[in-house]
Each structure stands twice: as structure tokens, then as C-alpha cells.
Amino acid sequence: MWTGTDWRSLVRTGWQTSSIAAAIGVGAGGAFAWAESWRPRHPDRGLYDSKLEGRELCVRFPDTTYAERSALIDAERAAQEEALVAAAG
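Residues numbered from 1 in each chain as written. Predicted model: local features only at pLDDT ≥ 70, side-chain atom pairs only at ≥ 80, totals over all residues. Heavy atoms only, no water.

1. Here's the deal with the overall build of the protein
At step 1: Counting its regular elements, the protein contains two helices and two strands.
At step 2: The proportion of buried residues among the 89 residues of the protein is 10%.
At step 3: As displayed, the protein offers around 7,400 Å² of accessible surface, 58% of which is attributable to carbon and sulfur atoms. (Helix = DSSP H or I, 4+ residues; strand = E, 2+ residues; numbered from the N terminus. Buried < 20%, exposed > 50% of the residue type's maximum accessible area, 1.4 Å probe, protein only. Areas by Shrake-Rupley, 256 points an atom, 1.4 Å probe, with all protein chains shown as cover.)

What follows is the structure, encoded as C-alpha cells:
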């Protein structure tokens, strides 16, 4: 849900999110080919630092295949490596 300043999730579990995705027609033959569900990201929960807060992807609808997930992971690793090379050089 858009609050006017940011996005807020109205559901807390994966099955609720997948039910909503099915109801609005996410997937093959539906109104939307795919969708994503995001959650807050707190990388250092023990030593909470609000500067590190962000979002992380938790679910894709419909679920991606192994090949698609591999391609996404490879692309993310390549982007990280490029950023490190750019920062070092």
C-alpha cells in the first residue's frame, strides 16, 4: 500500500501475499506477468544502525525457475564485482 511517502505491507506472511497475487491476476494469463514482495531489511539487528536500514526482496510471483534464479544471482554478483572494481580503480 502506498502511504503517500513510502510503501507499507499490509500482510505479514507469504501465503497471504500469494493469495493476494492470485486474486489480482499475477502470473501466466493474468493481468500482470509477475510481482514482487519486499520486506524491511535490518542487516545488523544486534547493533541496530538505522543508516543500514533498507528493503530486501522476499518473494517473486510466480515463483522463478532455477535457471531464472541463477541468472539473477549471477547478475547481482557481477554488479557487486563491477562496483568493487570501480571503487578500487
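2. Some words on the environment of Pro62
At step 1: Here Pro62 lies in the loop between strand 2 (54-61) and helix 2 (66-88).
At step 2: On the accessibility criterion, Pro62 (44% relative accessible area) is partly exposed.
At step 3: Between the C-alpha atom of Pro62 and that of Ala35, which follows or precedes it by 27 residues, the distance is 7.3 Å.
At step 4: The contacts of Pro62, once residues within four sequence positions are left out, are Val26, Gly27, Ala33 and Trp34. (Contact = heavy atoms within 4.5 Å.)

3. Quick word on the environment of Glu36
At step 1: Position of Glu36 relative to the elements: it lies in strand 1 (residues 35-41).
At step 2: Since its relative accessible area comes to 32%, Glu36 is described here as partly exposed.
At step 3: Setting aside its immediate chain neighbours within four residues, Glu36 contacts Leu57, Val59 and Arg60.

4. Regarding the environment of Ser18
At step 1: In this fold, Ser18 is placed in helix 1 (residues 14-23).
At step 2: The exposure class assigned to Ser18 is partly exposed, which follows from its relative accessible area of 31%.
At step 3: C-alpha of Ser18 to C-alpha of Val59: the two residues are 41 residues apart in sequence and 8.9 Å apart in space.

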